[in-house]
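# Results of the structural survey
Now for the letters of each chain:
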Amino acid sequence: MSPSHLIVGPGALGRLLAMHLASHHSVRLLGRRPLPETLTLVSPEGERRQRAIPSLTADRLESWKLGVVHFTTKAYATRGALEAIASRLDPQTPLILWQNGYGVQETLAREWSGPVLCASTTEGAYVSGKADVVHAGHGQTVIGHLAGKHRALAEALAGTLSNVDLPCEAVNDIRVRLWRKLAVNAAINPLAARFRIRNGQLRDRPFRPRVEAIIAELAPIMAAEGIPAPAGGWPGLIWGVVEQTANNRASMLQDVLAERPTEHEAILGPLLGAAERHHLEIPMLEEQYHALAKCQSQVQ
Ligand code: KPL
């Protein structure tokens, strides 16, 4: 019997997963508020597909066995979301963490009794209206355990996702993948959010030298943390993503515009921590962190 999927966090990624998985599997979406009964997915090719996806709130969840739980919540909300439902989950339930940044993955891997896998994706999606999700661009997903364990589970889940048109590969180096994504997010998101610009504007003055300064700070942190540079080097990776996502509003900018908390702690926090451990000077990254923390305290 194929496992059921509980998806906690009905934002863009949660809805995208739900709409795809529901074509072959039993899926439920859990959020703070129930969603409309029928969701609509707009594909990158412009095709509209509707599907009824049962949604529920944490207080309505009965005991959950024989299934996996995906957390597509924001990094800062994930631990609380697990705490709200943990007593109803079989302690061996596999958890799949889809968060940006790095931190909650290690914490929950330590605290949860069952297998904890991490996923990192380049699928592009955004929420449009109460019941719609727009799949803006196809991407690739990788999934794995931080210590390279539970390979069979990672492969089974990668197969499940690939079968529902979300290409996914099981990897043994998910920590490296998460830190590389962290580097990309740290170079793009804070500047885009602070200056309210689309990603592509980072290529122009006055932002370009700031991105370059951030990349120069990131490279030694990554080396000190044992994260190998990608094939084209850090500038190649980061400018490549800026190019591919030139027209995007970075997720942190979307959070600022919607007056939601940003993920600056999850994205910049681990870099500041690593720089301190390895005695590295990182004035540009510190500036981003403090500017975002300040703007956060004004929102609250
Ligand atoms: O992942 C992203 C985000 O917005 O969080 C990037 C790669 C920066 C694309 O916008």
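Sequence order sets the numbering: in each chain, residues are counted from 1 along the sequence as written. Only residues with pLDDT of 70 or above have their local features reported here, since the model is predicted, and side-chain atom pairs are shown and tallied only from 80 upward, although totals for entire chains, interfaces and linings are computed over all residues. As a convention, hydrogens and water are excluded, and side-chain values are obtained from all of the structure's heavy atoms.

A separate point is the packing of aromatic side chains. For any two aromatic rings, the description comes down to two numbers: the centre-to-centre distance and the angle of the planes. Only the six-membered ring of Trp is used, alongside the rings of Phe and Tyr, when aromatic pairs are assigned; centres must lie within 6.5 Å, and planes under 30 degrees apart are stacked while those over 60 apart are edge-to-face, with the rest tilted. As enumerated under the stated definition, the model contains 2 aromatic pairs in all. Measuring from centroid to centroid gives 5.5 Å for Tyr-102 and Trp-179, while their planes differ by 50°, and the two rings are tilted. Of this pair, Tyr-102 sits in the loop between β7 (95-97) and α3 (104-111) while Trp-179 sits in helix α5 (residues 174-195), and the two are 77 residues apart along the sequence. By the burial criterion, Tyr-102 is buried, and Trp-179 matches it. With a centroid separation of 5.4 Å and 50° between ring planes, the pair formed by Phe-195 and Phe-207 is classed as tilted. With Phe-195 in helix α5 and Phe-207 in helix α6 (residues 207-224), this residue pair connects regions lying 12 residues apart in the sequence. Phe-207 sits in the buried class, given a relative accessible area of 12%. Every helix listed is a DSSP run of H or I at least four residues long, and every strand listed is a run of E at least two residues long, numbered separately from the N terminus. Partly exposed residues are those whose accessible area sits between 20% and 50% of the maximum for their type, while under 20% is buried and over 50% is exposed, using a 1.4 Å probe and protein chains only.

Our focus in this paragraph is the domain arrangement of the protein chain. Splitting the protein chain by domain gives domain 1 (5-172) and domain 2 (176-299). What counts as a domain boundary in this text is fixed by an automatic or database domain assignment. Just the C-alpha atoms count here: the centres of domain 1 and domain 2 sit 25 Å apart. At the junction of the two partners, domain 1 supplies 15 residues and domain 2 supplies 14 residues. In total, about 1,300 Å² of surface goes out of reach between domain 1 and domain 2, with carbon and sulfur atoms giving 56% of it. Throughout, the accessible surface (probe 1.4 Å) given up by two parts as they are put together, summed over both, is called the buried area. Contact with domain 2 buries surface across domain 1, with Tyr-76, Asn-100 and Tyr-102 losing the most and accounting together for 45% of the total. The rule for a salt bridge is simple: a side-chain nitrogen of Lys or Arg has to be within 4 Å of a carboxyl oxygen of Asp or Glu. Summed over the shared surface of domain 1 and domain 2, the number is 1 salt bridge. Of the charged contacts, one joins Lys-74 and Asp-255 as a salt bridge, the two residues approaching to 3.0 Å between their closest N and O atoms. The definition of a polar contact used here is a pair of N or O atoms within 3.5 Å, where within protein one atom must be able to donate a hydrogen and the other to accept one, and adjacent residues in sequence count solely through side-chain atom pairs. Where domain 1 packs against domain 2, one counts 7 residue pairs in polar contact (both at pLDDT 80 or more). Of all the secondary-structure elements, those providing two or more residues to the side of domain 1 that touches domain 2 are α2 (75-85) and β8 (116-121). When residues in the side of domain 1 that touches domain 2 are grouped by element, the largest group, 4 residues, is from β8. Pairs of residues are marked as contacts when any of their non-hydrogen atoms sit within 4.5 Å.

Glancing now at the sheet that holds strand β5 (residues 55-56). What the 8 strands build is an open sheet, ordered β5-β2-β1-β6-β7-β8-β11-β12; its pairing is mixed. Because the sheet does not close on itself, it has two edges, and the strands there are β5 and β12 (168-170). Relative to strand β2 (residues 27-30), strand β1 (residues 4-8) runs parallel, the two being bridged by 4 bridges. Note that in β2 the partner of Ile-7 across the bridge is Leu-29. Set on the sheet, helix α1 (residues 12-21) makes contact with β1, β2, β6 (67-71) and β8; between it and β1 the angle comes to about 165°. Across the face of the sheet, α5 comes into contact with β8 and β11 (141-144) while running at roughly 40° to β8. Any two strands with at least two DSSP-identified bridges between them are counted as paired. Whenever a helix is involved, its axis is fitted only over the stretch in contact; in every case the axis is a line through C-alpha atoms, and angles between N-to-C directions fall within 0 to 180 degrees.

For this description, a residue counts as near a given molecule or strand if any of its non-hydrogen atoms is within 4 Å of it. Close contacts around the ligand come from Asn-185, Ile-188, Asn-189, Asn-199, Val-241, Thr-245, Asn-248, Ala-250 and Ser-251, and that covers them all. The contact in question runs from an oxygen atom of the ligand to an N or O atom on the side chain of Asn-185, over 3.1 Å. Take Ser-251: an N or O atom from its side chain is 2.5 Å from an oxygen atom of the ligand. The fraction of the free accessible surface of the ligand (280 Å²) that becomes covered by protein chains is 84%. With 3 residues, α5 is the largest single contributor of residues to the shell around the ligand. Only Asp, Glu, Lys and Arg are considered charged in this grouping, and only Ala, Val, Leu, Ile, Met, Phe, Trp, Tyr, Cys and Pro are considered nonpolar; every other residue, Gly among them, is considered polar. Considering only residue class, the shell around the ligand consists of 3 nonpolar, 6 polar and no charged. Here the open area of atoms and residues is found with the Shrake-Rupley method and a 1.4 Å probe, where only the protein chains shown may cover a residue.

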